[in-house]
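# Overview (structure and organization)
Given next are the chains, with one letter for each unit.
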Amino acid sequence: MKKMSNIYESAANTLGIFNSPCLTKVELRVACKGISDRDALSKPDPCVILKMQSHGQWFEVDRTEVIRTCINPVFSKLFTVDFYFEEVQRLRFEVHDISSNHNGLKEADFLGGMECTLGQIVSQRKLSKSLLKHGNTAGKSSITVIAEELSGNDDYVELSFSARKLDDKDFFSKSDPFLEIFRVNDDATQQLVHRTEVVMNNLNPAWKTFKVSVNSLCSGDQDRRLKCIVWDWDSNGKHDFIGEFTSTFKEMRGAMEGRQVQWECINPKYKAKKKNYKNSGIVILNQCKIHKMHSFLDYIMGGCQIQFTVAIDFTASNGDPRNSCSLHYIHPYQPNEYLKALVAVGEICQDYDSDKMFPAFGFGARIPPEYKVSHDFAINFNEDNPECAGIQGVVEAYQSCLPKLQLYGPTNIAPIIQKVAKSASEETNTKEASQYFILLILTDGVITDMADTREAIVHASHLPMSVIIVGVGNADFSDMQMLDGDDGILRSPKGEPVLRDIVQFVPFRNFKHASPAALAKSVLAEVPNQVVDYYNGKGIKPKCVSEYESSRTLAP
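Residues numbered from 1 in each chain as written. Predicted model: local features only at pLDDT ≥ 70, side-chain atom pairs only at ≥ 80, totals over all residues. Heavy atoms only, no water.

So, about the overall build of the protein chain. Counting its secondary structure elements, the protein chain contains 14 helices and 26 strands. Residues classed as buried in the protein chain amount to 51% of the 556 residues present. Only carbon and sulfur atoms are counted for the fraction: they give 51% of the accessible area of the protein chain, which is about 25900 Å². (Helix = DSSP H or I, 4+ residues; strand = E, 2+ residues; numbered from the N terminus. Buried < 20%, exposed > 50% of the residue type's maximum accessible area, 1.4 Å probe, protein only. Areas by Shrake-Rupley, 256 points an atom, 1.4 Å probe, with all protein chains shown as cover.)

Another aspect to go through is the packing of helix H7 (residues 337–349) against helix H8 (residues 390–401). Closest axis-to-axis distance for the H7/H8 pair is 10 Å, and the angle between their directions is 160°. Between H7 and H8, the angle is such that the two are roughly antiparallel. Crossing handedness for the pair H7 and H8: right-handed. Here H7 contributes Tyr-338, Leu-339, Leu-342, Val-343, Gly-346 and Glu-347 to the contact with H8, which in turn contributes Ile-391, Val-394, Val-395, Tyr-398 and Gln-399. In the contact of H7 with H8, the residues fall into 8 nonpolar, 2 polar and 1 charged. (Axes fitted to C-alpha atoms, helices over the stretch in contact; angles between N-to-C directions. Parallel < 35°, antiparallel > 145°, perpendicular 65-115°, else oblique. Left-handed = near helix turned anticlockwise from the far one by under 90°. Contact = heavy atoms within 4.5 Å. Nonpolar A, V, L, I, M, F, W, Y, C, P; charged D, E, K, R; others polar.)

A few words on the nonpolar core. Residues Phe-308, Phe-314, Ile-379, Leu-442, Leu-524 and Tyr-535 are the most contacted members of the largest nonpolar core, which totals 57 residues. Counting residues per element, this core draws most heavily on H7, which supplies 9 residues. Apart from residues lying up to four places away in sequence, Ile-379 is in contact with Ile-312, Phe-314, Ala-360, Phe-361, Gly-362, Val-394, Ala-397, Tyr-398 and Cys-401. Counting 31 residues, the second-largest nonpolar core is a separate cluster that includes Ala-421, Ile-457, Ala-460 and Met-465. (Core = buried A, V, L, I, M, F, W, Y, C linked by side-chain atoms within 4.5 Å.)

Further remarks concern the pattern of salt bridges. Counting across every chain of the model gives 16 salt bridges. A salt bridge links Glu-148 to Arg-183; the shortest N-O distance between them is 2.3 Å. Here Arg-183 lies in strand S10 (residues 177–184) and Glu-148 lies in strand S8 (residues 136–149), a separation of 35 residues in the sequence. Both residues of the pair, Glu-148 and Arg-183, count as buried. Here Arg-224 ties to Asp-186 by a salt bridge, and the two come within 3.0 Å at their closest N and O atoms. Linking Arg-224 in the loop between helix H3 (214–218) and strand S13 (226–232) with Asp-186 in the loop between S10 and strand S11 (190–195), this pair joins segments that are 38 residues apart in sequence. Take Arg-224: its relative accessible area is 11%, and that puts it in the buried class. (Salt bridge = Lys/Arg side-chain N within 4 Å of Asp/Glu carboxyl O.)

It is worth spelling out the packing of aromatic side chains at this point. With the rule as written, the count across this model stands at 14 aromatic pairs. Pairing Phe-245 with Trp-263 gives two aromatic rings, centres 4.9 Å apart and planes at 20°, and the pair type is stacked. Residue Phe-245 is located in strand S14 (residues 240–247), and its partner Trp-263 is located in strand S15 (residues 261–264); the two are separated by 18 residues in the primary sequence. For the residue pair Phe-245 and Trp-263, the accessibility class agrees, reading buried in each case. Ring centres of Phe-308 and Phe-358 lie 5.5 Å apart, and the angle between their planes is 85°; on these two criteria the pair is classed as edge-to-face. (Phe/Tyr/Trp six-rings, centres within 6.5 Å; stacked < 30°, edge-to-face > 60°.)

Each full turn of the α-helix corresponds to 3.6 residues, which orients residues three or four apart in the same direction. Spanning 12 residues, H8 covers 17 Å between terminal C-alpha atoms, matching the ideal 16 Å at 1.5 Å per step. Of the residues making up H8, those classed as buried are Gly-390, Ile-391, Gly-393, Val-394, Val-395, Ala-397, Tyr-398 and Cys-401. (Expected span 1.5 Å × (residues − 1).)

Attention shifts here to helix H13 (residues 527–537). The element H13 is extensively covered by neighbouring structure, given that 8 of its 11 residues are classed as buried. The complete set of buried residues in H13 reads Val-527, Pro-528, Gln-530, Val-531, Val-532, Tyr-534, Tyr-535 and Asn-536.

The next thing to look at is the confidence of the model for the protein chain. On average, the protein chain scores 86 in pLDDT, and the residues at 70 or more come to 89%. Low pLDDT, under 50, characterises residues 1–22; the stretch is placed with 42 contacts to residues that sit more than four places away or in other chains. (pLDDT = per-residue confidence, 0-100.)

Picture the strands of a sheet paired through backbone hydrogen bonds; they go either parallel or antiparallel. The strand order across the open sheet built from 4 strands is S11-S10-S13-S14, with neighbouring strands paired in antiparallel fashion. A single partner strand is all that each edge strand has here, and the edge strands are S11 and S14. Across the sheet, the mean angle separating the axes of adjacent strands is 25° when strand polarity is ignored. Two elements, S10 and S13, share 7 bridges in a ladder whose sense is antiparallel. Counted as the bridge partner of Arg-183 is Leu-226 from S13. (Pairing = 2+ DSSP bridges.)

Position of Thr-117 relative to the elements: it lies in strand S6 (residues 110–117). Once residues lying within four places of it in the same chain are set aside, the contact partners of Thr-117 are Val-88, Gln-89, Arg-90 and Leu-91.

What follows concerns the environment of Asn-412. Assignment of secondary structure puts Asn-412 in the loop between strand S23 (406–407) and helix H9 (414–428). When the C-alpha atoms of Asn-412 and Val-446 are compared, they prove to be 9.4 Å apart, with 34 residues separating the residues in sequence. Leave out the neighbours within four places in its chain, and Asn-412 touches Phe-363, His-375, Thr-448 and Asp-449. There is a polar contact of 3.1 Å between the side chain of Asn-412 and the side chain of Thr-448. (Polar contact = N/O pair within 3.5 Å; in protein donor to acceptor, adjacent residues only side chain to side chain.)

A few words now on the side chain of Ser-76. Looking at the secondary structure, you find Ser-76 in the loop between strand S3 (57–63) and strand S4 (79–83). In this structure Ser-76 touches Glu-65, Leu-192, Val-193, His-194 and Arg-195, once residues within four positions along its chain are discounted.

Attention now goes to the layout of surface pockets. By volume, the second largest pocket is sized at about 680 Å³. If you trace the second largest pocket, you find 26 residues lining it, with Lys-126, Ile-146, Thr-189, Gln-190 and Gln-191 closest to the centre. Of all elements in the fold, only strand S1 (24–33), strand S7 (126–133), S8, S10 and S11 reach the threshold of two or more residues within the lining of the second largest pocket. Looking at the lining of the second largest pocket residue by residue, the class counts come to 9 nonpolar, 9 polar and 8 charged. Each of two domains, domain 1 (22–150) and domain 2 (156–291), supplies a minimum of three residues to the lining of the second largest pocket. (1 Å grid on protein atoms, 1.4 Å probe; cavity = no way out; pocket = protein on both sides within 12 Å on 5 of 7 lines; lining within 4 Å. Points joined across faces, edges and corners; volume = space filled by probe spheres on them. Domains from an automatic or database assignment.)

Another point: unusual backbone geometry. The omega angle of the peptide bond from Pro-368 to Pro-369 is 0°, so this bond is cis rather than trans. One can find Pro-369 in the loop between strand S19 (365–367) and strand S20 (372–374). Residue Pro-410 is reached from Gly-409 by a cis peptide bond, and omega for that bond is -5°. Mapping Pro-410 onto the fold places it in the loop between S23 and H9. One non-glycine residue, Asn-201, adopts positive backbone phi at about 55°. Assignment of secondary structure puts Asn-201 in the loop between S11 and strand S12 (210–213). Overall, Asn-201 belongs to the partly exposed group, its relative accessible area being 44%. Phi angles above zero are rare outside glycine, and Ser-219 is one such case at about 55°. Relative to the helices and strands, Ser-219 is located in the loop between H3 and S13. Judged by its relative accessible area of 34%, Ser-219 falls in the partly exposed class.

This is how it looks when you write it as structure tokens:
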């Protein structure tokens, strides 16, 4: 076993993954110029899709809103990405024309793309490049991306605006108003912060509540000037100006605790020309709520435990464990892929679990004494207490159970997801951040109960849990990528979408010649954000405010 201990050492030195000091969040804003449409008679309805490269594959991270009939769009939606100083993070911005009748993407809808690294944008702060289509420039079209680092304060604010008695700009109907909010920068340039939806045919609109980071709204400066403009939407993209006003975040905070803040909406031309001009309407801020964002470390240091569970695939496709070609072959000196993956990921998780006791299950085998197929048996054969002492305990239970099992099938993982989900749902009754569950599934093949698994994952996305799947061996894992919501949204067979993306799938072969640290880093990279998204989304604060949190500077 001497050689085995080397894996522990290398995995134990894993780059302090969860609190990588260089984790900075960056907000990216996008605008395009001169987009030419494939249909020369009409202007395009552009949308920008942000893709990131991971292990040579591009996957969609997020997309902007669609702006109707516009060749020079300035998008309101921000992309928030994690910036790692030590990694080359390749980004691809694709501009698509999304016609109103479908939201899918077709080849014909592609208007041009631009590739760069996040480092290039961050170092230049503003990057403008031509859009390319099939390697050639797409007319004179270009894209500009502006980066802003989210400084220590990543609180966000929820704002709810309405207006009354706006000027009527349309002959045959009432105005179709929308509101734009700009932040005035130190150099007097204006940065779009948010654009509301259009409320059709209404001079007294109530716009939908929206959320925006304090950083994005005012760069953390409560007295920074904000310019707000009300427009009358026009289908040809030439919107009519109704009026404007200026404010500050400090002033907007007056709409907390049930009070309202109001501004007169002024059209300077009318004010200069018309003697009796009062205003072009009143804009009202009905509520301003500030949401405190807690970080992963706030929760961990506040006493949240990571509960780590392992599930191992014992189906016949792994090959007979007595045969050296088997994925389950126990070599005297060389750990197999199952053990390598288990140790690399488990070593990190065990640092966040105070009792270091890990439930470990198997699926897809016939088990003693009756040799019936089971998809969620304890590998220590103690159903009442499936926990093993430390990762070493899991390794030993795995090695001792192998000779007693008959490898069988099919590859069903829904039962084990449901088992952990049951524990996680009991945890939700406490209404506090005390236990978050991570299920590591190690499997050699494509799963057979895809419909049940999708259903189980959608259910689990409402619970404090994440699922990590590591594909072992050389099978075709393309179906598994679908469970990892990166390339679109995972839905249950009934069409219900996941509440949040909780599955991370990684083929072990991508890391065969890399260190255990690299595998663990890739597999666990999303976990801190998943923990934070779950608790912040539920409005659950860390159990006790740690010294770490109280030392973080917060704006008043």
